[in-house]
Every structure is written in structure tokens, then in C-alpha cells.
Amino acid sequence: MNNLLSQLHFATAAEYLVPSLIHGIGVVLEATFFGFILATIIGIFIAIGRLFGWKIVKAFLYVFLEVIRGTPLLVQLVYIYYVVPLIINLFAAMLGYKTDVQIDPLVAGIAGLAINYGCYMSEVIRAGIVAVDKGQMEAALVLGFGRYEALFRIIMPQALRSIIPSLGNYLVMMIKDTSLLAYVAVNELLLRTQTFASQTFYTIEAYTYLALFYLILSVPLSHCIKFIEYKLSSSNR
Amino acid sequence: MFNIFDLKKSYGKTEVLKSITMRIDDGEVICIIGPSGSGKSTFLRCLNLLEEPTGGQIYYNGTILDNTLDSKRLRREVGMVFQKFNLFPMFTVLKNVMYAPMHVKHTGKKEAEKIARNLLEKVGLGNKAAAYPAQLSGGQQQRVAIARALAMQPKMLLFDEPTSALDPELVNEVLNVMKNLRKEGMSMVVVTHEMGFARDVSDRVVFMDKGFIVEEGRPAEIFNHPKQERTQQFLNRVLGGVSYE
């Protein structure tokens, strides 16, 4: 037993892996930061389009949402990274141009996260907008605001307030889902760990550190969100 | 100000306004009374195009209201006060009143604040500028809502049952503000169940039922000598069975 445990090399693994993982955190935060901001913007526009858009916009968004929610995030990431450039090159070739479009792994990863999360978040945002009292829109309209002005100035701030906690949960989920970016060659935590483990065979040690790093990222964040939720619910309104 | 011809409004197959024809003059105070579901509020909401009429014409100062019209323009001149106040909960009282002048009319901040503070003083809430709507009573909230509407310097105010959501003892503080507005010559159209206010303050009382104007006239005529049987019935009921015959 003792003999077996002595075969584990946590200290050695830490020496080489931990600095690499700390670098990887930068990538994770970058992907999450841009991914989440874009997802929120996409979510807001999808929500508004589905609530107030023309019929054709509504129909298009409905189909788009079905496609995104009906396919796994991992498949979407692979599709954006490997397939989309091929399609672009194919079309270019049909028009007589020879191109070799490639997408930067991190850009593809951020795009995939943003689109996928944007679709899920749009439903939450939509519910939040609908939950704002109808009288708020009318009050803004009779004061001379236009429909969209009223939406962004009066309705959205109230809607966002009520949905920030749920959006926060999506943020924590997104941090963990950045691990999927390993499959489109983003050098984030999982890919760094895989590389390290395959070179050193410190598999147990490496993946244990990986799990710890995700815990260190997500647990404080989810507590922050609980705190914000508490602050929002206790402030005056 | 308004000339209304054969105005109709229906939701699907439900006809709410069947045919409304009337005119509203500058400086007039009109009270619209009638049973629930008679179309009073719908009529009021057609005047500032919160509801789109499904038939007939409305002329505002000679301009026909249709979909080519810039409804924002109209609404700057014809303000509205709601039954449920609809103050913006995330803003202070002061910001509620300043907000539209600043962002719709692009009045400077200082100027807007000056106007807002004056108006709050006028409705008796000068000391509540920093409070949030949720910290105020219903009557106070409605007075803020009136100040907010006045801040856009409208030519006319529409009131949609402004006291119906209030505790009885708070009704008068709101009605008093409205009486003062009348003294200043503000044009007002008021949908109300406050018969005392309709009788004492209005120039003209309009009695509506089932999507029609049944009867209109000076308050004394309507309340003391209603010509239509339906008007008599309604008044008897709301005035506690006192006969005015």
C-alpha cells in the first residue's frame, strides 16, 4: 500500500504542470470573458428578435435555436473550427478563387461558446423581459420614448436585474465548458494536462491538479454570484 | 384639440368601441364615466395611440392620426397618467421626473432638475425627491406620476382612472392636484369613478356604455337631469340609489 502511494509524484508533477496550468488559466479567462460578453449580447438580440421582430425574423430565430439546442456544444465547436473554413474555401473555389481560410482556435472556441450560450441565455432574458410589468413600457411610450429606446432604457435594466443570478450560473458553467476547447486545439487547461500526462505518465497527478484548478476557478465565482444575488434581492425597489 | 369621428376599436371579434364621435376643445376638462367594460379606458388609450383604432378617424389639431403619424410627437403633447402609476422603480422620484425631458427633449441636466424640483414642489412632494417609488404611498406615487407627465410640458393630460388603485383616504390628495391643474388651464380628459370630482371639476361629462357615448353634457345636466334611462340607472347605482328625478 505504502509502496503503491510512493509511486505517485505529486510534487514533481506540480513543479512542471502547475506553471503551465497557471498560464492556461489566462486562456480560460480570456475565452470565458469574451465568450460570455458575446453570449449576453447575442442572447439579448435573440430575445428581442423573438419578442418584437418581424415574423420572418421570429421564424428564423426559432429554427436557429432548435438547431443550436439540438446539437452538442462539442460538435458545434468542431464544426466551426474544422468545417466552416472548408465550406468557405469550397465556395471561394466555386467562384474561382483559391483560398486557405483558417480560423484561430481561440476565436473558433469563443464563437462556439458565445453562440451556444447565447441561445440558452436568450430564453432566460426573454422570460425576464416578459416578466417586467407591461405598464413600464406604456409609461415610457407616453413620455415620448420610442419602442426600442424604451426597451433598452427602461425595460432591459429591470429585466437584467431579475435575471443576473441565472446568467451568473451560465458564467460558471461556461468556465467549466471551456475544457471542450481542448478539442479545437486551444491550449487551455485540459489540453495542457493531456499533453503533460501523455509525456510523463503522471496521469493520476495531472488530472487531479486539473480538477483542482477548475474547482479553484468555479467555487469562488459561484459564491460571488450568490452574494450578488443576495445584494440585489435585498436592495430597494 | 381632438375631433373624433365614428371611432371603432375591436380585439378580434370583441367590439370594445362601436362608434364614438366627439370633440375635445382646448382647455376643456372632460370626465368620462360609465360602468366597467364600457370602453372608457380603451377610448382614452386611442387618443395617444397606445391602442390602434380599427375604424373611424381621430384628428389632432387638424392632423389625422394614422400610421404615417409620428406617435412620439403626439405623445409629447398629450401626456398620460395611469391607474397603477407605472413609475420607474429603479429611479429615484427626482430621476423619474427628470428622465423624459433629458432623454426625449434633450433638456440639459440642470434645467431638467430645476423643472423637476419645481413640479415636485407643486404636487407637494418636494421633500421626497431622493426617495424611491417603493418607499412612497399610492397617493404620493400618483402625484409623482402627474409631475412626471407635466415635466414634458404637455398641452393635454389623459388620466386613466387615476384614483382607482388608491386607498380611499389617499384619493383626495391626488384629486386636489388635478383641481389645481384645472385652475391653471390644463386640458384634461379623465376616466373616473369619482362622481364628486366629475360633478364639481369638469366642464363636460361623458357617459359611456357598451362602446357608445350614451349621453354627454354639462355636469349639472348629466347628474341632475339625465335624459337617457341608462344614464339614470347608472347614476342611481353609483350614487347609492339617490334619485335625481
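Residues numbered from 1 in each chain as written. Chains lettered and ligands numbered in written order. Predicted model: local features only at pLDDT ≥ 70, side-chain atom pairs only at ≥ 80, totals over all residues. Heavy atoms only, no water.

## Some details on the UniProt feature "domain: ABC transporter" (unreviewed entry) in chain B
Test applied: UniProt positions are given in the numbering used here, feature names are shortened, and annotations may be inferred rather than shown by experiment. The helix and strand labels rest on DSSP assignments: H or I over at least four residues marks a helix, E over at least two residues marks a strand, and numbering proceeds from the N terminus.
UniProt records the feature "domain: ABC transporter" (unreviewed entry) for residues 2-235 of chain B in the present numbering. Within the segment residues 2-235 of chain B, helix and strand shares are 37% and 26% respectively, and the terminal C-alpha atoms sit 27 Å apart.

## Remarks on the confidence of the model for chain B
What counts here: As a per-residue quantity, pLDDT reports the predictor's confidence and falls between 0 and 100.
In this model, chain B carries an average pLDDT of 90, and 98% of its residues clear a pLDDT of 70 or more. Here the prediction assigns the complex a pTM of 0.81, and the interface score ipTM is 0.90.

## Re the state of the cysteines
The test is simple: Defined by distance alone, a disulfide is two cysteine sulfur atoms within 2.5 Å.
On inspection of all chains with the given rule, the structure shows 0 disulfides over all chains. Free cysteine Cys-31 of chain B: the closest other cysteine sulfur is in Cys-46 of chain B, separated by 19 Å.

## Focus on the interface of chain B and chain A
As a reminder, the rule being used: Whether two residues are in contact is decided by their heavy atoms, any of which lying within 4.5 Å being enough. Criterion for a salt bridge: a side-chain nitrogen of Lys or Arg within 4 Å of a carboxyl oxygen of Asp or Glu. Pairs of N or O atoms within 3.5 Å make up the polar contacts considered here, provided that, within protein, one atom can donate a hydrogen while the other can accept it, and that residues adjacent in sequence are counted only when both atoms are side-chain atoms. The residue classification treats Ala, Val, Leu, Ile, Met, Phe, Trp, Tyr, Cys and Pro as nonpolar and Asp, Glu, Lys and Arg as charged. All others, Gly included, are polar.
Of the residues lining the interface, 25 residues belong to chain B; the matching set on chain A comes to 19 residues. Across the chain B-chain A interface, the total number found is 2 salt bridges. Salt-bridge contacts for Glu-138 of chain A lead to Arg-45 of chain B; the nearest nitrogen and oxygen are separated by 2.6 Å. For the interface between chain B and chain A, the tally reads 5 residue pairs in polar contact (both at pLDDT 80 or more). The set of elements that each furnish at least two residues to the side of chain B that touches chain A consists of helix 2 (71-77), strand 6 (78-81), helix 3 (93-103) and helix 5 (138-150) of chain B. Partitioning the side of chain B that touches chain A into residue classes produces 16 nonpolar, 3 polar and 6 charged.

## Digging into helix 8 (residues 189-200) of chain A
Residues and elements named next belong to chain A. The test is simple: In this analysis, the expected span of each helix is defined as 1.5 Å times one less than the number of residues it contains. Any residue under 20% of the maximum accessible area for its type is buried, any over 50% is exposed, and the rest in between are partly exposed; the area is computed with a 1.4 Å probe on protein chains only.
With 12 residues, helix 8 should cover 16 Å at 1.5 Å per step; its first-to-last C-alpha distance of 16 Å lies within 8% of that length. Where helix 8 is concerned, the buried positions are Leu-189, Leu-190, Leu-191, Arg-192, Thr-193, Phe-196 and Ala-197. In this structure Glu-188 caps helix 8, since a side-chain oxygen of it lies 3.0 Å from the backbone nitrogen of Leu-190. Immediately downstream of helix 8, the backbone of Phe-201 shows phi near 60°, a positive value.

## Digging into the packing of helix 2 (residues 10-52) of chain A against helix 5 (residues 105-131) of chain A
All names here are of chain A. For the record, the criterion: Lines fitted to C-alpha atoms define the axes here, with helix axes fitted over just the stretch in contact, and angles between the N-to-C directions of these axes take values from 0 to 180 degrees. Orientation is classified from the angle alone, with under 35 degrees giving roughly parallel, over 145 giving roughly antiparallel, 65 to 115 giving roughly perpendicular, and any other angle giving oblique. Here is the rule for handedness: rotate from the far helix to the near one, and if that takes an anticlockwise turn smaller than a right angle the crossing is left-handed, while a clockwise turn gives right-handed.
Packing of helix 2 against helix 5 brings their axes to within 5 Å, and their N-to-C directions diverge by 40°. By the angle class used here, helix 2 and helix 5 are oblique. In the packing of helix 2 onto helix 5, the handedness of the crossing is right-handed. For the contact of helix 2 with helix 5, a count of residues per class yields 23 nonpolar, 5 polar and 4 charged.

## With respect to the pairing of strand 4 (residues 55-60) of chain B
All names here are of chain B. We count it as follows: For two strands to be treated as a pair, DSSP must find no fewer than two bridges joining them.
Direction of pairing for strand 1 (residues 2-11) relative to strand 4: antiparallel, over a ladder of 5 bridges. Paired with Ile-4 across the bridge in strand 4 is Ile-58. Pairing geometry for strand 4 and strand 5 (residues 63-64), over 2 bridges, is antiparallel. Paired with Tyr-60 across the strands is Thr-63, a residue of strand 5. Here strand 4 hands over to strand 5 after 2 residues, with Asn-61 in that stretch at a positive phi of 45°.

## Side note on the nonpolar core
To keep things clear, this is the line we draw: Here, the term nonpolar core denotes a set of buried Ala, Val, Leu, Ile, Met, Phe, Trp, Tyr and Cys residues that are joined through side-chain atoms within 4.5 Å.
In this structure, Ile-129 of chain A together with Phe-2, Ile-4, Ile-24, Phe-43 and Leu-47 of chain B are the most contacted members of the largest nonpolar core, which totals 78 residues. The dominant element in this core, judged by the number of residues it contributes, is helix 7 (residues 147-177) of chain A, at 11 residues. Here Ile-129 of chain A is in contact with Ala-47, Ile-48, Leu-51, Leu-151, Ile-155, Met-156 and Ala-159 of chain A, once residues within four sequence places are set aside. Counting residues in hydrophobic clusters, the runner-up holds 51 residues, among them Cys-31, Met-98, Val-123 and Val-174 of chain B.

## Re the pattern of salt bridges
Going through the model one piece at a time under the given rule, you end up with 16 salt bridges over all chains. Note that Glu-51 of chain B and Arg-45 of chain B form a salt bridge whose closest N and O atoms lie 3.0 Å from each other. For the pair formed by Glu-51 of chain B and Arg-45 of chain B, the shared burial category is buried. Through salt bridges with shared partners, one network takes in Arg-50, Glu-123 and Arg-126 of chain A.

## Topic: the pairing of strand 2 (residues 14-24) of chain B
Residues and elements named next belong to chain B. With 7 bridges connecting them, strand 1 and strand 2 associate as antiparallel partners. From the neighbouring strand, Phe-2 faces strand 2, where its bridge partner is Ile-24. Counting the residues in the hairpin turn of strand 1 and strand 2 gives 2 residues, including Gly-12, whose phi is positive at 60°.

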